[in-house]
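Remarks on the overall topology
Take a look at the letters that make up each chain.
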Amino acid sequence: MKSKQSPDTLFDALALGYETMRKELAWNPFTHIEAAFDGVDLRGMEILDAGCGTGECTRWFAEQGASPIGIDISGEMCFHAAERSENIMYLQHDLRDPLPFASSRFDAVVALGCLEYIADIRATVEEFYRTTKPGGMFLGCFERFGDDCPGKNARQVVFFDEWMRYRQSRTMIESMFAQRYRHVDIEPVAGFLIEETGETTQYWRVIAKDAMGMAE
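The notes below deal with the structure included here. (Residues numbered from 1 in each chain as written. Predicted model: local features only at pLDDT ≥ 70, side-chain atom pairs only at ≥ 80, totals over all residues. Heavy atoms only, no water.)

Regarding the environment of Glu34
To keep things clear, this is the line we draw: Every helix listed is a DSSP run of H or I at least four residues long, and every strand listed is a run of E at least two residues long, numbered separately from the N terminus.
Counting through the fold element by element, Glu34 comes out in helix α3 (residues 29-37). Glu34 sits 91 residues away from Val125 along the chain, and the two C-alpha atoms are 22 Å apart.

Topic: helix α7 (residues 170-177)
To keep it simple, the criterion reads: Per-residue accessibility, obtained with a 1.4 Å probe over protein chains only, is compared with the maximum for each type, and a residue is labelled buried under 20%, exposed over 50%, and partly exposed between these values. Directions from the helix axis toward the C-beta atoms define the arc. Two residues qualify as a contact provided that any one of their heavy atoms is within 4.5 Å of a heavy atom in the partner residue.
Along α7, the residues that are buried comprise Ile173, Met176 and Phe177. Buried residues of α7, seen end-on, are gathered within an arc of 85° and therefore sit on one face of the element. Where α7 is buried, its residues meet α6 (121-130), β5 (132-143), β8 (181-194) and β9 (199-211).

Comments concerning the pairing of β8
How we decide: Being paired, for any two strands, means DSSP has found at least two bridges between them.
Across 11 bridges, β8 lies against β9 in antiparallel orientation. When the sheet's bridge partners are listed, Val184 is paired in β9 with Ala208.

Some words on unusual backbone geometry
Although it is not a glycine, Asn87 sits at a positive phi angle of roughly 60°. With respect to the helices and strands, the residue Asn87 is situated in the loop between α5 (75-83) and β3 (89-92). Unlike most non-glycine residues, Asp210 shows phi in positive territory, near 60°. Residue placement: Asp210 occurs in strand β9.

Overview of the pattern of salt bridges
Stated formally: The salt bridge definition used is simple: a Lys or Arg side-chain nitrogen within 4 Å of an Asp or Glu carboxyl oxygen.
Under the counting rule described, the total for this entry stands at 16 salt bridges. Across the pair Glu19 and Arg84 runs a salt bridge, and its minimum N-O distance is 3.5 Å. Of this pair, Glu19 sits in helix α2 (residues 18-24) while Arg84 sits in the loop between α5 and β3, placing them 65 residues apart in sequence. Judged by relative accessible area, which is 38%, Arg84 ranks as partly exposed. One salt bridge connects Glu127 with Arg130, and the closest N-O pair in it is separated by 2.9 Å. Residue Glu127 and its partner Arg130 are both found in helix α6; the two are separated by three residues, about one turn of the helix. Of the two residues, Glu127 and Arg130, neither departs from the other in class, the shared state being buried. When salt bridges that share partners are traced, they join Glu46, Arg105, Asp107 and Lys133 into one network.

As for the environment of Thr54
Operational definition: Any pair of N or O atoms that falls within 3.5 Å is considered a polar contact. Within protein, one atom must be able to donate a hydrogen and the other to accept it, and sequence-neighbouring residues count only if both atoms are side-chain atoms.
Mapped onto the secondary structure, Thr54 falls in the loop between β1 (46-50) and α4 (56-63). On the accessibility criterion, Thr54 (2% relative accessible area) is buried. Remark: the alpha-carbon pair of Thr54 and Ala15, spanning 39 residues in sequence, is separated by 7.1 Å. Here Thr54 is in contact with Ala15, Tyr18, Glu19, Arg59, Met77, His80, Ala81 and Arg84, once residues within four sequence places are set aside. Polar side-chain contacts of Thr54 include one of 2.8 Å to the side chain of Glu19.

Some thoughts on the packing of aromatic side chains
Inclusion rule: Stacked, edge-to-face and tilted labels apply to pairs of Phe, Tyr and Trp rings (six-membered ring for Trp) whose centres lie within 6.5 Å, assigned for plane angles under 30 degrees, over 60, and everything in between, in that order.
Counted under the stated rule, the structure contains 12 aromatic pairs. For the pair Phe30 and Trp60, a centre-to-centre distance of 6.5 Å together with 65° between the ring planes defines the contact as edge-to-face. Of the two residues, Phe30 sits in helix α3 while Trp60 sits in helix α4, which places them 30 residues apart along the sequence. For Phe30, a relative accessible area of 18% corresponds to the buried category. In this structure an aromatic cluster arises from ring pairing among Phe128, Tyr129, Phe138, Phe142, Phe177 and Tyr181.

Structure (structure tokens):
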């Protein structure tokens with residue numbers, strides 16, 4: 001039996017109205033996609049959309065001529081994504097487990113709105129790197145802590161009274177990416193609105209380019 005505290009139960013429950021909800025909570029993943037891929041010719045690129053939700057971003061990548069694959073811990077999210085898409089593969093997969101893809105498979109890995117639910121984030125990031133081609137890129141958002149954040153400097157915060165979100169320091173982010181990509185940009189950005197408190201979560205947005213490759 002699935003634990004109620006597992007993220008799949010949360011996002012299964014949110015799947016049907018997710019796209020409307022994320023707009024109401026002022027969460028716009030396309031802002032980050034535009035920042036990372038501005039001027040990039042996406043045609044023919046193989047892209048992993050990790051934590052794809054109902055596939056909004058996955059579909060956008062396909063519309064630009066890329067070949068995306070969407071994965072999400074929520075089977076309901078994947079179901080609704082597939083309903084809205086043609087010729088796009090969606091897989092239910094827990095990012096806490098090794099990725100079911102060969103090494104050096106993707107030109108880019110995108111992970112938005114999902115990484116804060118993973119306790120052992122270093123292992124997940126290592127899997128993203130393993131499956132990225134040499135010269136490829138990563139885009140992701142990691143929830144941060146600080147005096148300007150909900151929950152201040154707590155490294156873990158409870159969400160909806162039952163689910164845990166895990167937050168990272170800039171030092172932790174740098175340690176995961178600096179030795180893996182030749183160009184790493186880390187920027188503090190706003191996350192999503194917490195309706196109960198009126199506060200907005202805060203993220204580190206990471207745009208890492210020119211992956212060195214597993215053999216280097």
